[in-house]
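Take a look at the letters that make up each chain.
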Amino acid sequence: MTASAEALIHLSIPDVEQSYAERDTILYALGVGVGSEPTSPAHLAYTYEDGLKPLPSLAVVLGHPGFWPRDLDTGLDWRRIVHGEQTLRLHRPCRPTGSSGRNPASRGFRTRAKARAR
């Protein structure tokens, strides 16, 4: 199967439902570099259970559907895919614990040749 932009835009990517606990929120913060100053109140807000705040970018990994270009029948050569950009719009702050659901959707695709021509 050869990939087409129209087929990819209408591709049904599985919904994502994920639960997370304080431990997950803290591990994410540590994984992206928070905590390099372990006694700093600014760092402790993201790495200590008392008054824990999640980083806003945690929402990106909670809703990630996995590497779907490799797993679904897309016609793409997943070894040649380049992730160009992604956006996230937060309507309110994330909670430090809870569950997250997302229906992944793509709004468009560009080939590298067209992207270079811009």
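Residues numbered from 1 in each chain as written. Predicted model: local features only at pLDDT ≥ 70, side-chain atom pairs only at ≥ 80, totals over all residues. Heavy atoms only, no water.

Caption draft 1: Highlighting the overall build of the protein. What the protein contains, in helices and strands, is six helices and two strands. Starting at the N terminus, the α and β elements of the protein follow one another as α-β-α-α-α-α-β-α. Here the protein holds 118 residues, and the buried ones make up 20% of them. The long-range fraction of contacts in the protein, counting pairs at least 24 apart against all pairs at least 6 apart in sequence, stands at 76%. In the form shown here, the protein has an accessible surface area of approximately 9,000 Å², with 50% of it arising from carbon and sulfur atoms. (Helix = DSSP H or I, 4+ residues; strand = E, 2+ residues; numbered from the N terminus. Buried < 20%, exposed > 50% of the residue type's maximum accessible area, 1.4 Å probe, protein only. Contact = heavy atoms within 4.5 Å. Areas by Shrake-Rupley, 256 points an atom, 1.4 Å probe, with all protein chains shown as cover.)

Caption draft 2: Layout of the confidence of the model for the protein. Chain-level statistics for the protein give a pLDDT mean of 79 and a share of 83% at 70 or above. Mean pLDDT across the elements of the protein bottoms out in helix α6 (residues 112-117) (51) and peaks in helix α2 (residues 22-31) (95). (pLDDT = per-residue confidence, 0-100.)

Caption draft 3: How the structure looks around the side chain of H43. For H43, the location among the structural elements is in helix α3 (residues 41-47). Contact partners of H43, with chain neighbours within four places excluded, come to V34, G35, S36 and E37.

Caption draft 4: Region of interest: the nonpolar core. Formed by Y20, Y28, A29, V34, L55, L58 and L62, the largest nonpolar core amounts to seven residues. Elements that contribute at least two residues to this core include exactly α2 and α4 (58-62). Contacts of L58, omitting those with residues within four sequence positions, involve Y20, T25 and Y28. (Core = buried A, V, L, I, M, F, W, Y, C linked by side-chain atoms within 4.5 Å.)

Caption draft 5: Representation of the pattern of salt bridges in the model. Inspection of every chain in the model, using the stated rule, returns two salt bridges. The closest approach of N and O atoms between D77 and R80, which form a salt bridge, is 3.8 Å. Here D77 falls in the partly exposed class, since its relative accessible area comes to 34%. Each of the salt bridges in this network shares a partner with another, and the network as a whole consists of D77, R79 and R80. (Salt bridge = Lys/Arg side-chain N within 4 Å of Asp/Glu carboxyl O.)

Caption draft 6: Inspection of α2 at higher detail. Along α2, the residues that are buried comprise T25, I26, Y28 and A29. Within α2, the buried residues cover an arc of 160° as seen down the axis, which keeps them to one side. Turned more than 90 degrees off the buried face of α2, the exposed positions are R23 and G31. The inward-facing, buried residues of α2 abut β1 (16-20), α3 and α4. In the segment just after α2, G33 is the residue with positive phi, at about 105°. (Arc of directions from axis to C-beta.)

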